[in-house]
Structures are given as C-alpha cells and as structure tokens.
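Residue-level listing of the chains:
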Amino acid sequence: MPPKPPRDILPGTLDLLILRTLAAAPDHGYGIAKSIQRTSADALKVEEGSLYPALHRLEKRGLIEGSWQKSDTGRRVRTYTITKDGRAALKQEIDAWKSVTAAVARVLAASRAAIERNRASA
Amino acid sequence: MNLRARIHAIARATRPRSEIETDVNDEFAHHLEQLQTEVSRPSGQRTTGDEDGTVLAAARFGDADALRRQCVNIQLEDRTMLMKLNAILTAALLLAAGALGWIVIRNTTEQTRAMNTLAQRVGASPISRTVTLPRQPSSQSDAAKTGFVYISGNVNRAGVYGMEKAGMTLDRLLVAAGGAKPDAKKVTVKRGEGAKQITVAETPLAELASTACTTVLAPDDLVTVE
C-alpha cells in the first residue's frame, strides 16, 4: 500500500508546531519544516509560503529570536531560538490545543453513540 | 509583546529596506540550497521525484518574489507605524511653533505701536523695528488689557511700561523705571493729547518720597521727570 501523501498543516496550528520544534533545539527554516514532517512520520507538510511569514511574525512578537550563522558552504544561515515568552506561549497553545481536541473527541463520541442508537431502533 | 521584543522589532524595522531584503534573500537562498541538496540525492535516497533539483526546489518554494515581499513587509510594519507617528508629531510641532510665533508677533506689534505712540508724543521719529522694553510687566496679557504709560526725563530707565491690572501709582512707575536721577527735582503727569492735554499732577520728588502717593496713572499718561 503506497504511503499517504503528507497533509498541509491545519490552520492555526503552525505557530504551535514551530514553537514546539524550537523548544527542542534551535533550527533554521528548512530544518524546522523537515523536523515537523519527520516527527509527524510524513503526515504533515509545512509549505514554505506559510513557514517564513509565520517565523517572521513569531520573531516580531518576541516568541522566537533569529540570529545569523555561517553554514559549511559559507552561506549565511538564519537560525531561530525560542525565547522565554515563546515557551510560555507554547504552554498556552498546547493547553488550548488539548482542550479543543478533547472537545472534538467528545462530539465525535456522542455522534457515534447516536448513530448506533438509531441503528438499534431501526 | 513585551517591551524588549517591541524595541527589537522597531530596531529591526528601522534598518534600511535593502538590508532587510538582503536578509530575507539570504534566508530563502539557504532554504533553496537545502531543497536542491535534498532532491539531487541519488534516486534511492530521494524523498521526492526525479526532476532536476533546481527546478523542483524552486517549484516547491512557490512564488518566491511574493513570499519575499510578504516577509519584508512584516519586518517593515513597525516602520510604517513609526512613520505615521513621526508625521503626527511633526504636524503637532509645526502647529505649536505656528501658534507661538503668532503670539510673539502679536505682542511685538502691540509693543511697537506703543513705542511709536510715545515717539510721536515726544517728537521723535517713529520706530519701525522691534524694541526691547526696559522692563516688562509680569504678564503681557494684563498689560495688553490695561494699556501703557510713558516715562521720560531724569530717570534711569525711560520707556514704555505696561499698566498693572489693579492700577499703577506714580511712585510704582518710578520704581519700575529704575528711580529718578540725582539731579531730578519734580515729576509731571500729563494726560490727553494736543490741545486737550492736561497736567494731572506736578509733584516735587522730595514730597513724593516722603508722603503716600495717591496719583493713580491712566493708560497713555505721559510722565516727565525734570
């Protein structure tokens, strides 16, 4: 069975995924995108068109901090590090995400129970 | 956003636009280089198709120009805000300067007019430029409301003086004018102009110094110390 193509990131979750990735270690844009794809076992794919505006906005909000380094080939590399404020925001984002997914799970479970009741009555 | 992040964001935004564009270009160039390396690996290690690395990487990156503009604009958002703030502050400063200039010109005009009146009354040429009064009243607006008096002759600072709001007596005017000179003998107060001019007081200085002064001056009074 061929592997499923990676899904695009759900709206509103990109900041959470970037912060979570940088909480593990500082990284550049390409590394962040690959890390998310790899960690999700190729289930999630970050588009460059979404990644860089998100990185720049997070940096502007002070949640991450960029610095320039040199690559092995001598090219300038912009590496991002999560800040103290970023870690606090990450905790809030994770709590919010857990709350949403738990609520969705409850709705799905209730719907399944209703379907089974309808089947039984029919 | 905390203050430190705000200051950093503003500092970044105030850099030259070309510098910000160079940073964004370098960041994208590194990403494209990594993508090219990834898609150019031997086929067994590729994670994507078989196309030429550069073309495929560029295709995956999408509309780089639009993305570059978007990222530069994010950096410049604070500069736009600063430029608006700068324009507002400049306009406020210009308004304040204009208002101050208008007040100064208005007061100077009043003073010049008063000096010209005095000059005409004492037979001198009218002055056409701003003059500095020997002593200004404590409040220009009060002087403007109650008028001026003129003192000349054997006093230390002859000139035009603004009337005090509560009324000015002759002895207070003499004090304001720096006092009479040693050879001064009497002081005369004249009111009105031309044929209608009358002498309202003619007092020996010795008498003025020894008794309470009851001569209250009126606007445009001409005081002469001889």
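This text goes with the structure placed above it.
Residues numbered from 1 in each chain as written. Chains lettered and ligands numbered in written order. Predicted model: local features only at pLDDT ≥ 70, side-chain atom pairs only at ≥ 80, totals over all residues. Heavy atoms only, no water.

A.B. asks: How should I be thinking about the overall build of chain A in this particular structure?
C.D. replies: Counting its secondary structure elements, chain A contains 4 helices and 5 strands. In chain A, buried positions account for 37% of the 122 residues. Across chain A, contacts joining residues at least 24 apart in sequence account for 52% of those joining residues at least 6 apart. A total of about 7,600 Å² of accessible surface is found on chain A, and carbon and sulfur atoms cover 56% of it. (Helix = DSSP H or I, 4+ residues; strand = E, 2+ residues; numbered from the N terminus. Buried < 20%, exposed > 50% of the residue type's maximum accessible area, 1.4 Å probe, protein only. Contact = heavy atoms within 4.5 Å. Areas by Shrake-Rupley, 256 points an atom, 1.4 Å probe, with all protein chains shown as cover.)

A.B. asks: How should I be thinking about the overall build of chain B in this particular structure?
C.D. replies: When helices and strands are counted, chain B shows 7 helices and 7 strands. For chain B, the α and β elements follow one another from N to C terminus as α-α-α-α-α-β-β-β-α-β-β-α-β-β. Within chain B, counting contacts between residues at least 6 apart in sequence, those at least 24 apart form 59% of the total. With the model as given, the accessible surface of chain B reaches about 13,200 Å², and the carbon-plus-sulfur share is 57%.

A.B. asks: What is the right way to read the interface of chain B and chain A from this model?
C.D. replies: Much of the literature gives interface size as the accessible area that the parts lose upon coming together. Every contact between the two is made by 29 residues of chain B and, on the other side, 25 residues of chain A. Summed over the shared surface of chain B and chain A, the number is 6 salt bridges. One salt bridge in this structure joins B:Glu33 and A:Arg75, with 3.1 Å as the shortest N-O distance. Where chain B touches chain A, the interface holds 12 residue pairs in polar contact (both at pLDDT 80 or more). Going through the elements one at a time, α1 (3-13), α2 (17-39), α3 (53-61) and α4 (64-122) of chain B are the ones with two or more residues in the side of chain B that touches chain A. (Salt bridge = Lys/Arg side-chain N within 4 Å of Asp/Glu carboxyl O. Polar contact = N/O pair within 3.5 Å; in protein donor to acceptor, adjacent residues only side chain to side chain.)

A.B. asks: What should I look at first to understand α1(B) in this one?
C.D. replies: Turn by turn, an α-helix covers 3.6 residues, leaving residues three or four places apart pointing in a common direction. Residues and elements named next belong to chain B. Turning to α1, its buried residues are Ala 5, Ala 9, Arg 12 and Ala 13. Taken around the axis of α1, the buried residues stretch over an arc of 95°, which confines them to a single face. For α1, the exposed residues set more than 90 degrees away from the buried face come down to Leu 3, Arg 4 and Ile 7. (Arc of directions from axis to C-beta.)

A.B. asks: Explain the sheet that holds strand β1 (residues 148-153) of chain B here, please?
C.D. replies: Within a sheet, neighbouring strands are paired by backbone hydrogen bonds and run either parallel or antiparallel to one another. Residues and elements named next belong to chain B. Spatial ordering of the open sheet is given by β2-β1-β7-β4-β5, a layout of 5 strands whose pairing is mixed. Either end of the sheet is taken by a strand with one partner, and the two such strands are β2 (159-162) and β5 (198-204). Strand-to-strand, the axes of this sheet are offset by a mean angle of 20°, without reference to chain direction. When strand β4 (residues 186-191) meets β5, the two strands line up antiparallel, connected through 6 bridges. Bridge pairing in β5 links Val 187 to Thr 203. (Pairing = 2+ DSSP bridges. Axes fitted to C-alpha atoms, helices over the stretch in contact; angles between N-to-C directions.)

A.B. asks: Please clarify how the side chain of B:Glu38 should be interpreted in this entry.
C.D. replies: Tracing the backbone through its elements, the reader meets B:Glu38 in helix α2. What makes B:Glu38 buried here is its relative accessible area of 1%. Within the local environment of B:Glu38, its side chain forms a polar contact with the side chain of A:Tyr30, the two groups lying 2.4 Å apart. A distance of 3.4 Å separates polar atoms of two side chains, one belonging to B:Glu38 and the other to A:Lys34.

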